[in-house]
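# Commentary on secondary and tertiary structure
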Amino acid sequence: SIPFCFITNTTTQSAAQLQHKLLSLDIPCRQEQLISAPVATAQYLRREGLDRCFFAVEPSVLEDFAGIEATEDHPQAVVVGDIGERWSYALLDRIFHCLLSGARLVAMHRNKYWQTSAGLHIDIGAFVAGLEYVADTTAVITGKPSGAFFAAALAVLGIARDHALLVGDDVLSDIAGAQAAGIRGTLVQTGKYRAELVAKSGITPDLLLPSVADLPSRLALLI
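Thresholds, definitions, all that
Residues numbered from 1 in each chain as written. Predicted model: local features only at pLDDT ≥ 70, side-chain atom pairs only at ≥ 80, totals over all residues. Heavy atoms only, no water. Helix = DSSP H or I, 4+ residues; strand = E, 2+ residues; numbered from the N terminus. Rg over C-alpha atoms; globule rule 2.2 N^0.38 Å. Buried < 20%, exposed > 50% of the residue type's maximum accessible area, 1.4 Å probe, protein only. Contact = heavy atoms within 4.5 Å. Lys, Arg positive; Asp, Glu negative; His and termini not counted. Charge placed at Lys NZ, Arg CZ, Asp CG, Glu CD. Phe/Tyr/Trp six-rings, centres within 6.5 Å; stacked < 30°, edge-to-face > 60°. Salt bridge = Lys/Arg side-chain N within 4 Å of Asp/Glu carboxyl O. Pairing = 2+ DSSP bridges. Right-handed = clockwise from strand over helix to strand, strands pointing away. Core = buried A, V, L, I, M, F, W, Y, C linked by side-chain atoms within 4.5 Å.

## Some words on the overall build of the protein chain
Across its full length, the protein chain carries eight helices and twelve strands. Taken against the 2.2 N^0.38 rule, which gives 17 Å for 223 residues, the C-alpha radius of gyration of the protein chain at 18 Å falls within 12% of a compact globule. Expressed as a percentage of its 223 residues, the buried residues of the protein chain come to 43%. Once local pairs closer than 6 in sequence are excluded, the contacts in the protein chain between residues at least 24 apart make up 57%. Taking the average location of the 17 positive side-chain charges in the protein chain and that of its 23 negative ones, the two points are 4 Å from each other.

Pasting the structure below:
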């Protein structure tokens, strides 16, 4: 009887694809319960009237940006997402010149690393930081740990921040982001979790669990 929603910085799949994935795992999820970085980014662009953008994103997520023109001809904003090995000097230089011409830098997130079956790998945070440096600008971050992103989750749930609990595996974008937004953070020791990285971060989660499967038995400690 506890309301919940899913929030993710995944930018390689559209909201519809993510919902289908959850349903295929027998995890119930209505589309309104899913808040993804691309969806949050599209909402930001529409609010700001930025309807001509250069997209450095996977083609699969462009469906979340319906009504926003994709262009390299004097875009109002450059939108950066996960594109893996498609990063190149030529692409970074094209983005750099868009930014010099006045485009706003909008990053779906700035995660340092992500988890694969082969371990941790560099994420787009390195490219976002580099673009900020060379263009002397500051990126708008629309996914975690943006306070607006967590506020959107609270709005979906219809609850106050002090009644919410975030569960995630990233001590920086999940736990630190949630705590900065006034939400308690539970860190699971799976996925991205590395004890040495948590210790280095100086961040203390409100609760530490071996797995999300252990959450129901521990909720009583937080209620």
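## Some thoughts on the packing of aromatic side chains
Across all of its chains, the model carries four aromatic pairs by this definition. Their ring planes at 85 degrees and their centres at 5.6 Å tell us that F4 and F6 sit as a pair that is edge-to-face.

## Digging into the pattern of salt bridges
Scanning the entire structure with this criterion turns up eight salt bridges. Notably, a salt bridge pairs K192 with D170, separated by 2.7 Å at the nearest N-O pair. Taken together, the residues K192 in the loop between strand 11 (184-188) and helix 7 (195-201) and D170 in the loop between strand 10 (165-168) and helix 6 (171-180) connect sequence positions 22 residues apart.

## Brief notes about the pairing of strand 11
Counting buried residues along strand 11, four of its five residues qualify, which places the element largely inside the surrounding structure. Bridge count between strand 10 and strand 11: four bridges; the pairing is parallel. Across the sheet, residue L165 finds its bridge partner in strand 11, namely R184. Bridge count between strand 11 and strand 12 (residues 207-209): three bridges; the pairing is parallel. What sits directly across from T186, in strand 12, is L207. Crossover connection from strand 11 via helix 7 to parallel strand 12: handedness right-handed.

## Side note on the nonpolar core
F54, V78, V80, W87, I95 and L99 are the most contacted members of the largest nonpolar core, which has 19 residues in total. Secondary-structure elements contributing two or more residues to this core are strand 3 (52-56), strand 5 (77-80), helix 3 (89-100), strand 6 (104-107) and helix 4 (125-135). In terms of residues, this core owes the most to one element, helix 3, which gives four residues. Apart from residues lying up to four places away in sequence, F54 is in contact with T71, E72, P75, A77, V78, V79, L91, R94, I95 and C98. By size, the runner-up hydrophobic cluster in this structure holds 15 residues, among which are Y44, V57, V79 and M108.

## Quick word on the environment of H163
For H163, the location among the structural elements is in the loop between helix 5 (147-157) and strand 10. A relative accessible area of 62% places H163 in the exposed class. Placed 19 residues apart in sequence, H163 and G182 show a C-alpha to C-alpha distance of 9.7 Å.

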